[in-house]
Amino acid sequence: MWIVQPGTAAAAGEIKVKGINILQAQDYTVQCGSGTARYEPDTNTLTLNQADIADNGNALAFGIEIGKEGVTVELVGQNTIDAHIGISSESPLHIKGTNGGSLAIHAHTNQSLGTNACCGIKVHGGGLTVQDADIQIRVSDLNAAVGGLNTVVSGYAIDICGGENRISNSNIVIDMPNNFDIDERCTGINATDAVSLTISDNSSVTMNSVDAGIGMYGGKLVISGSRLTIANADQYGVSCKSVEILNGSDVSVLANRYSALQANDNMTISNSTVNAESEKNNSIICQNLAATDSAKLTAKGYWPALYVKDSVIKDSAVEAESSTSVGIFCEGGNIEIAGSEVKSTSKNSNQGGMLIEGNLTMTDSNIISPGSAGVNGIRATGDISVTGGSIEIGEGKISSGNQMIIGGTITSNGVPSYDNVESDQSGGQVTFLGADYSAVDEAIAKAEALNKADYTNFDAVEAAVNAVVRGKDIREQAIVDGYAAEIQAAIAALKPVEKPEEPGEKPEEPGEKPEEPGEKPDDPAEKPEDPVDKPEEKPEKPGGKPTGKPDGSSNETGQKPSVNPSQDQTQNPAQTPTQNQGDGEKSPKTGDNIPLLGWLTVLAVISAAGISVGKLWKQ
């Protein structure tokens, strides 16, 4: 069978694996160690399944060459390539992992390719997509012998020379030499002519050691919901036309000779975290910086850590530190800071925190930008406007080359001080805005809502309210805040008037009188007996003389029983209920309710009657 020798470039429409045109191989399959490379014509997919693409430890010229358009390389299991150029494609290329499929590429020199750069993945026309894949690229041994002379070739982990490129839900780790004292030799991702590179969908790109991290001088880098770590770049970290870091991304870059992050135009950091450091240069350089939506930016540099032009910092936190110069330098532009925390410092005692060659506007922000005595902590050649918030200037000054409007708190080593606020222009003017009385107004409104008559010491509240002096400016904000505190304290100390207890109902007597044996109290809900019933007559006593009146109009004492059958028995527990309660016209059936005097009367009558009978009997 005819075999194309390694190092021969693939022709248009061909796909070569280890130098073999897989389109001419049996079953479109090339054996690769214990695994295979197989091409599926129907889907235009080259599948690497546990493939080991190597030449017994020697670097192949090309691991995989793709001259056919629209090819997808699918990774199944763990795959390896050992070559001068791992994968080379003339057209846009799609690499995807299946069920955790991975690829490890070792790129190092093959003398047959002379001074051609070593490369892990190269897409000549750009348009690389890496999806759901785990890829490791190691570049080493860049020495080449050309014409009897030793030279060092360049190395690229990924080389994409145009188009729109994307890394999605993937993990890429890059290791390269980075100890060259001259121009950058090893670049992690070289996208010089690319339109864009997007790292998204929880991807992670890590460069442990490189000369340069990502270079795409005319394109846009977008990092969305992902991580970029450049742990050690000997030259620069990222250099692009524009950079967007969005949606909870995390970017950390350390560079040596040049900047960590550079955008020739705009740099946007939104709801993300960025840590950038340069040991010998500016940390971040861009034309227009926008840090918004809870961005967290930390920049450390030898020169100004942030070297910007027109910039906006809104609802975010920024910390900038320089070893030799100001922390933040704005060249010929304006800076607007709103609702943010900003700390800008210099390790050089002769330098302050911020220098703006334009206007500086600070609104509702807390700024720390100190200077030594006689040194500008903050300097703007244009106007300075402060509304709300606070600014700490240490022992230094805050100065403007034009107008200054101060409506916030200026502190010197934590103590409010306005002595070092100045405009150095002859026509410049410093205006102090009025103090904020909103807390005072709230306290007064709270006091006015109270009823003076309800408290014994409301005069203290009135005195605190009457002590308020209007018209103070921001320099006396502490006094104004004291007014509000005094009013609130007086309200908190109010003593209510003691009100007499209102007369209530007579308390119930403890417990009810227990029922007497053999008797059951009437149910107050029972219907009274019919008043037309005839009263029972009491039996006659011995001797034939009746003891009660036949009309039943009253008992012998003239006392009538209760006429209200629904009378509340609990209010008078000592009263003994009758066995039959009616309308008061019926006599009780027993003598239980007859008073003691009545019994004595009855006994006297009976005794007298007995004596009379005895006399008649003797006669």
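The rules behind each value
Residues numbered from 1 in each chain as written. Predicted model: local features only at pLDDT ≥ 70, side-chain atom pairs only at ≥ 80, totals over all residues. Heavy atoms only, no water. Pairing = 2+ DSSP bridges. Helix = DSSP H or I, 4+ residues; strand = E, 2+ residues; numbered from the N terminus. pLDDT = per-residue confidence, 0-100. Contact = heavy atoms within 4.5 Å. Axes fitted to C-alpha atoms, helices over the stretch in contact; angles between N-to-C directions. Parallel < 35°, antiparallel > 145°, perpendicular 65-115°, else oblique. Left-handed = near helix turned anticlockwise from the far one by under 90°. Nonpolar A, V, L, I, M, F, W, Y, C, P; charged D, E, K, R; others polar. Polar contact = N/O pair within 3.5 Å; in protein donor to acceptor, adjacent residues only side chain to side chain.

Participant: So what exactly am I meant to see when it comes to the pairing of strand β37 (residues 384–394) here?
Facilitator: Moving residue by residue along a regular strand, the side chains alternate between the two faces of the sheet. Bridge count between strand β34 (residues 360–363) and β37: four bridges; the pairing is parallel. Across the sheet, the residue bridging to Thr-361 is Ser-385, located in β37. Two strands pair when backbone bridges link them, and strand β35 (residues 366–371) and β37 are joined in this way by four bridges, in the parallel orientation. Across the sheet, residue Asn-366 finds its bridge partner in β37, namely Ser-390. Pairing of β37 with strand β39 (residues 404–412) involves seven bridges; the strand directions are parallel. The residue bridging Ser-385 from the neighbouring strand is Ile-405, located in β39.

Participant: Just to check I follow, could you spell out the confidence of the model for the protein for this structure?
Facilitator: One rule of thumb: low pLDDT means the predicted coordinates there are not for detailed reading. Averaged over every residue, the pLDDT of the protein is 83; the share at 70 or more is 77%. Contacts of residues 1–8 to residues separated by more than four positions or lying in other chains number ten contacts, the stretch itself having pLDDT below 50. Here residues 516–619 is a poorly scored stretch, pLDDT under 50, and it has 67 contacts once near neighbours within four places are set aside; other chains count.

Participant: Just to check I follow, could you spell out the packing of helix α1 (residues 438–448) against helix α3 (residues 477–492) for this structure?
Facilitator: The description of two packed helices rests on the angle between their axes and on the distance between the axes. The geometry of α1 relative to α3 is characterised by a closest axis approach of 8 Å and an angle of 20° between their N-to-C directions. In terms of axis orientation, α1 runs roughly parallel to α3. The handedness of the crossing between α1 and α3 is left-handed. In this structure, α1 contributes Ala-439, Val-440, Ala-443, Ile-444, Lys-446 and Ala-447 to the contact, and α3 contributes Val-480, Tyr-483, Ala-484, Ile-487, Gln-488 and Ile-491. Of the residues belonging to the contact of α1 with α3, the class tally is ten nonpolar, one polar and one charged.

Participant: So what exactly am I meant to see when it comes to the side chain of Ser-278 here?
Facilitator: Tracing the sequence through the fold places Ser-278 in strand β24 (residues 273–278). Within polar-contact distance, the side chain of Ser-278 engages the backbone oxygen of Tyr-258 at 2.7 Å. Residues contacting Ser-278, with those up to four places away along its chain left out, are Ala-255, Asn-256, Tyr-258, Ser-259, Ala-260, Ser-283, Lys-300, Gly-301 and Tyr-302.

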